[in-house]
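These are the residues of each chain, in order.
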Amino acid sequence: MLKNHANRKRSRIFGPVASNLNNRTNRVIHRPVDDWEAKEETEMGTEAAAQDRPKWLEERRKGIGGSDSPVILGVSPFKTPLDLWQEKRGEGKDEPPTPAMQRGTHLENLIAQIYSERTGRKLRRSRQILRHKDHDWMIANIDRHIVAENGSGPGILEIKCPGLSVFAKCRREGLPDYYTVQLQHYLEVRGWAWGSFA
């Protein structure tokens, strides 16, 4: 599992927000904790089964998701804003999943189980594309919801399965901005105060 070393290096994007990452709990402070209660916890979205990739891709084209936000902000090493624009217009190529994506798909359940065992937190899986309550162009595919307990409010678990070089860089320099931006986007879509990486 990734450890969070973001306190060593401030984020170029979020500055003090990213520096609020807590190494002991891996929490990301996004907004005042009491603010999460003000938003409904309804899942606004369309069922998009992972098995139906064409349908899922079509639904993703209808909004800006968590992996799109780093592209728009210029911190994604994977796509350019032009690539994203073409993808959203249906002009981009439907790229097959990369080995890293396949690794993530195969290991996601195992990593979620290990995270739950190590932290004692209960997780809930969502298979929906979620939409922001007020800004329906903001969408999210969340790996797991962390169930609220002990007054902490619900959270988001973002599961990453980096290759060895990316993992080593994370340990040396902290989480990359494109990870942090993705989680911040999901927190905004849900209106929740914290999340964690595994």
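From a predicted model like this one, the values you see are computed outputs, not experimental measurements.

Some words on the confidence of the model for the protein chain
Right, on to step 1. Taken over all residues, the pLDDT of the protein chain has a mean of 79, while the share at 70 or more is 74%.
Right, on to step 2. In the predicted structure, residues 1–50 sits below a pLDDT of 50 and forms 129 contacts with residues beyond four places in sequence or in another chain.

Points about the packing of aromatic side chains
Right, on to step 1. If you walk through the whole model with that rule in mind, you get three aromatic pairs.
Right, on to step 2. Aromatic side chains Tyr-178 and Tyr-179 sit 5.1 Å apart centroid to centroid with 85 degrees between the ring planes, which places their arrangement in the edge-to-face category.
Right, on to step 3. On the numbers, 6.0 Å between centres and 25 degrees between planes, the contact of Tyr-179 with Phe-197 is stacked. Residue Tyr-179 is found in helix α7 (residues 177–190), and its partner Phe-197 is found in strand β7 (residues 194–197); the two are separated by 18 residues along the sequence.

With respect to the environment of Arg-144
Right, on to step 1. By the secondary structure assignment, Arg-144 is in strand β5 (residues 144–146).
Right, on to step 2. Each C-alpha atom, one on Arg-144 and one on Lys-122, is 9.7 Å from the other, the two residues being 22 residues apart in sequence.
Right, on to step 3. When residues no more than four places from it in sequence are discounted, the contact partners of Arg-144 are Glu-108, Asn-109, Ala-112, Leu-123, Arg-124, Arg-125, Gly-155, Ile-156, Leu-157 and Ile-159.
Right, on to step 4. Of note is the side chain of Arg-144, whose polar atom sits 2.8 Å from the side chain of Glu-108.
Right, on to step 5. Among the polar contacts made by the side chain of Arg-144, one reaches the side chain of Asn-109 at a distance of 2.6 Å.

Side note on unusual backbone geometry
Right, on to step 1. Even without a glycine there, the phi angle at Asn-150 is positive, about 55 degrees.
Right, on to step 2. Summarising the element assignment, Asn-150 is placed in the loop between β5 and β6 (155–158).
Right, on to step 3. Classification of Asn-150 by relative accessible area gives exposed; the value is 78%.

Concerning the nonpolar core
Right, on to step 1. Counting 17 residues, the largest nonpolar core has Ala-140, Ile-142, Ile-156 and Tyr-179 as its most contacted members.
Right, on to step 2. Looking at this core element by element, the count peaks at seven residues for α7.
Right, on to step 3. When sequence neighbours within four positions are dropped, the list of residues in contact with Ile-156 reads Ile-142, Arg-144, Ile-146, Leu-183, Tyr-186, Leu-187, Arg-190, Trp-192, Trp-194, Gly-195 and Ser-196.
Right, on to step 4. In terms of nonpolar packing, the next biggest core, distinct from the first, is built from nine residues, Ile-111, Ala-112, Ile-146 and Leu-157 among them.

Concerning the pattern of salt bridges
Right, on to step 1. Considering all chains together, one arrives at 10 salt bridges under this definition.
Right, on to step 2. With a closest N to O distance of 2.6 Å, Lys-79 and Glu-87 form a salt bridge.
Right, on to step 3. With a relative accessible area of 24%, Glu-87 lands in the partly exposed category.
Right, on to step 4. Across the salt bridge formed by Arg-89 and Glu-91, the nearest N and O atoms sit 2.9 Å from each other.
Right, on to step 5. Residue classification places Arg-89 among the exposed residues on the basis of a relative accessible area of 51%.
Right, on to step 6. Among the charged side chains, a network of salt bridges with common partners joins Arg-60, Asp-68 and Lys-88.

Some remarks on the pairing of β6
Right, on to step 1. Covered by surrounding structure in β6 are Gly-155 and Leu-157 together with Ile-156 and Glu-158, the residues of both alternating faces.
Right, on to step 2. Examined bridge by bridge, β5 and β6 share three bridges and lie antiparallel to one another. Looking at β6, one finds that Ile-146 is bridged to Gly-155.
Right, on to step 3. As paired elements, β6 and β7 share four bridges and run parallel to each other.

Thresholds, definitions, all that
Residues numbered from 1 in each chain as written. Predicted model: local features only at pLDDT ≥ 70, side-chain atom pairs only at ≥ 80, totals over all residues. Heavy atoms only, no water. pLDDT = per-residue confidence, 0-100. Contact = heavy atoms within 4.5 Å. Phe/Tyr/Trp six-rings, centres within 6.5 Å; stacked < 30°, edge-to-face > 60°. Helix = DSSP H or I, 4+ residues; strand = E, 2+ residues; numbered from the N terminus. Polar contact = N/O pair within 3.5 Å; in protein donor to acceptor, adjacent residues only side chain to side chain. Buried < 20%, exposed > 50% of the residue type's maximum accessible area, 1.4 Å probe, protein only. Core = buried A, V, L, I, M, F, W, Y, C linked by side-chain atoms within 4.5 Å. Salt bridge = Lys/Arg side-chain N within 4 Å of Asp/Glu carboxyl O. Pairing = 2+ DSSP bridges.

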